[in-house]
Amino acid sequence: MEQVHPTRMELMKKRSQILLAEQGRDLLKEKMEALIQEFFKIMVNFSESREGLEQLAIEADLALLVAEAVDDPVAVKSASYATKRQIMVDIAGKNIMGVPVPVIQKKSVALNVMERGYGLIGTSSRINEAAEKFEAEMDMIIRLAETETTLRRLGNEIQMNRRRVNALDQIIIPELKEQAKYIRFSIEEREREDLFRLKKVKKLIERKKKKKLMASVS
């Protein structure tokens, strides 16, 4: 046990620390519960979007296979080189219950036929369809990247809050209560000893008075 001074002032200090620790624990529990609710609310949308991404990926791969099987593979490769470009995104931020999370701001990756950079002559509708599918898949990937990062950060915050609550519940508060108990016991023990000494002194004084009285009478 940490060295403590068994005084009434120290006892008041420990009681104040216990109250503060319990209030902090309760606030952390409330925050953790709110974060968990927010986490699962986002998780439902994420799961649905993840399923949508998997479906888009299947459709994109199938569209590419059809284009490569039916059209000239050289034309497919040429179209892919023509549409190759960098995708720029701006990342801002917001707070969810004090947790900073990213907000990805971007224009849609999807382009119309005239914007893709390849010529219309020699490019079939199958190649256009494959391009559309992959653009939709890329849009979904970027959107899910924001959601996944948000979930990861919320999850980390929940775990950190749970560790703090456990530390307060299982270590700090019990230790403070044990210290307060020790101080209270020490004070009560000291008061009993003081009371015993006072009674002893009182008896001695009374005995002396009695002897003095008897001496004066005789």
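As the structure is a prediction and not an experimental result, all values here were calculated from the model. (Residues numbered from 1 in each chain as written. Predicted model: local features only at pLDDT ≥ 70, side-chain atom pairs only at ≥ 80, totals over all residues. Heavy atoms only, no water.)

Colleague: Could you give an account of the overall build of the protein, with specific residues and numbers?
Modeller: Looking only at helices and strands, the protein has 3 helices and 2 strands in total. Here the protein holds 218 residues, and 27% of them are scored as buried. A separation threshold of at least 6 residues defines the contact pool for the protein, and within that pool the share at least 24 residues apart is 81%. Summed over all atoms, the accessible surface of the protein reaches about 15600 Å², with 58% contributed by carbon and sulfur. (Helix = DSSP H or I, 4+ residues; strand = E, 2+ residues; numbered from the N terminus. Buried < 20%, exposed > 50% of the residue type's maximum accessible area, 1.4 Å probe, protein only. Contact = heavy atoms within 4.5 Å. Areas by Shrake-Rupley, 256 points an atom, 1.4 Å probe, with all protein chains shown as cover.)

Colleague: Can you lay out a positive patch on the surface for me, pointing to particular residues and giving the numbers?
Modeller: The grouping of Lys199, Lys203, Arg207, Lys208 and Lys211 at the surface amounts to a positive patch. In this structure, Arg207 sits in helix α3 (residues 125-217). (Patch = residues over 30% accessible without salt bridge, like charges linked within 9 Å, V, L, I, M, F, W, Y side chains within 5 Å. Salt bridge = Lys/Arg side-chain N within 4 Å of Asp/Glu carboxyl O. Lys, Arg positive; Asp, Glu negative; His and termini not counted. Charge placed at Lys NZ, Arg CZ, Asp CG, Glu CD.)

Colleague: So what's going on with unusual backbone geometry? Which residues, and what values?
Modeller: For residues besides glycine, phi is generally negative; the peptide bonds are generally trans as well. Non-glycine residue Met97 carries a positive phi angle of around 55°. One can find Met97 in the loop between β1 (90-96) and β2 (99-105). Note on Met97: relative accessible area 41%, which makes it partly exposed.

Colleague: So, the packing of aromatic side chains: which residues are in play, and what are the values?
Modeller: Applying the stated criterion to the full structure yields 1 aromatic pair. Consider the rings of Phe39 and Phe40, whose centres lie 5.5 Å apart with planes at 85°: the pair is edge-to-face. (Phe/Tyr/Trp six-rings, centres within 6.5 Å; stacked < 30°, edge-to-face > 60°.)

Colleague: Can you explain the confidence of the model for the protein? Please cite residues and give values.
Modeller: Residues of the protein with pLDDT of at least 70 account for 89%, and the chain-wide mean is 84. When mean pLDDT is compared element by element in the protein, helix α1 (residues 8-70) scores highest at 90, while helix α2 (residues 73-83) scores lowest at 73. (pLDDT = per-residue confidence, 0-100.)

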